[in-house]
Amino acid sequence: GAEARRSLESPRVQDSGVFPSPATLTKALAARATGARTGDAVTLPVASFRVLVVDDEELVAAAIARLLRRRCVVTLARSGREALAQVREQGPFDAIVSDLMMDDGSGMELHAWLMEERPEQAQRMIFLTGGAFTEEGRRFLADVSRPCFEKPVRPMDLREAVEAAAMPRADS
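Residues numbered from 1 in each chain as written. Predicted model: local features only at pLDDT ≥ 70, side-chain atom pairs only at ≥ 80, totals over all residues. Heavy atoms only, no water.

## Overview of the side chain of R146
And step 1. Its place among the elements puts R146 in the loop between α7 (135–143) and β7 (148–150).
And step 2. The class for R146 is buried, based on a relative accessible area of 16%.
And step 3. A polar contact of 3.1 Å, which involves the side chain of R146, links it to the backbone oxygen of Q123. (Helix = DSSP H or I, 4+ residues; strand = E, 2+ residues; numbered from the N terminus. Buried < 20%, exposed > 50% of the residue type's maximum accessible area, 1.4 Å probe, protein only. Polar contact = N/O pair within 3.5 Å; in protein donor to acceptor, adjacent residues only side chain to side chain.)

As structure tokens, this is what we get:
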């Protein structure tokens, strides 16, 4: 009721993509904690990147989405085939984080499909693996110059890879 309304009203939040000064943020957070109001608007960053996360393990996909959601708008796909449909319907994405091995269209197949249809999207892929490499998977990773991380991935490593993949390229 009134308590929830008060916490939503204090402090005011504006999405502008710029972080508030530490003093303004401290004042606003203190006001929110005590239920007081403040005249200062707190400016929080907006999501910077659109990221497609592709993993057939629902819990893994959800964990990656949580990890990235602070700076990214995340779209989930459960297979390479579903991811390709998402790229066709909602693309382009700034980065694509994909499991390497999945039943209904692997990350390798997704990369091949994107190289045919949307090569600029294939160049924004980041691969994850549970460590069960096939010989085909080893050859694929040796041939493509895309980052690959073993699960569980360190959060900072994944965030940095997403930011690097999302950066505008001089050749695109």
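## Comments concerning the packing of helix α4 (residues 80–90) against helix α5 (residues 107–117)
And step 1. It is the contact of α4 with α5, at a shortest axis distance of 9 Å, that shows an interaxial angle of 25°. With respect to their mutual orientation, α4 and α5 come out roughly parallel. Remark: the crossing between α4 and α5 carries right-handed chirality. Between α4 and α5, the contacting residues are G80, R81, A83, L84, V87 and R88 on the first element and L110, W113, L114 and E117 on the second.
And step 2. Counted by class, the contact of α4 with α5 contains 6 nonpolar, 1 polar and 3 charged residues. (Axes fitted to C-alpha atoms, helices over the stretch in contact; angles between N-to-C directions. Parallel < 35°, antiparallel > 145°, perpendicular 65-115°, else oblique. Left-handed = near helix turned anticlockwise from the far one by under 90°. Contact = heavy atoms within 4.5 Å. Nonpolar A, V, L, I, M, F, W, Y, C, P; charged D, E, K, R; others polar.)

## A look at the pairing of strand β6 (residues 125–129)
And step 1. In terms of burial, β6 is largely enclosed, as 5 of its 5 residues are buried.
And step 2. Burial of the side chains of β6 extends over both faces: M125, F127 and T129 are buried on one face and I126 and L128 on the other.
And step 3. Examined bridge by bridge, strand β5 (residues 95–99) and β6 share 4 bridges and lie parallel to one another. What sits directly across from I96, in β6, is M125. (Pairing = 2+ DSSP bridges.)

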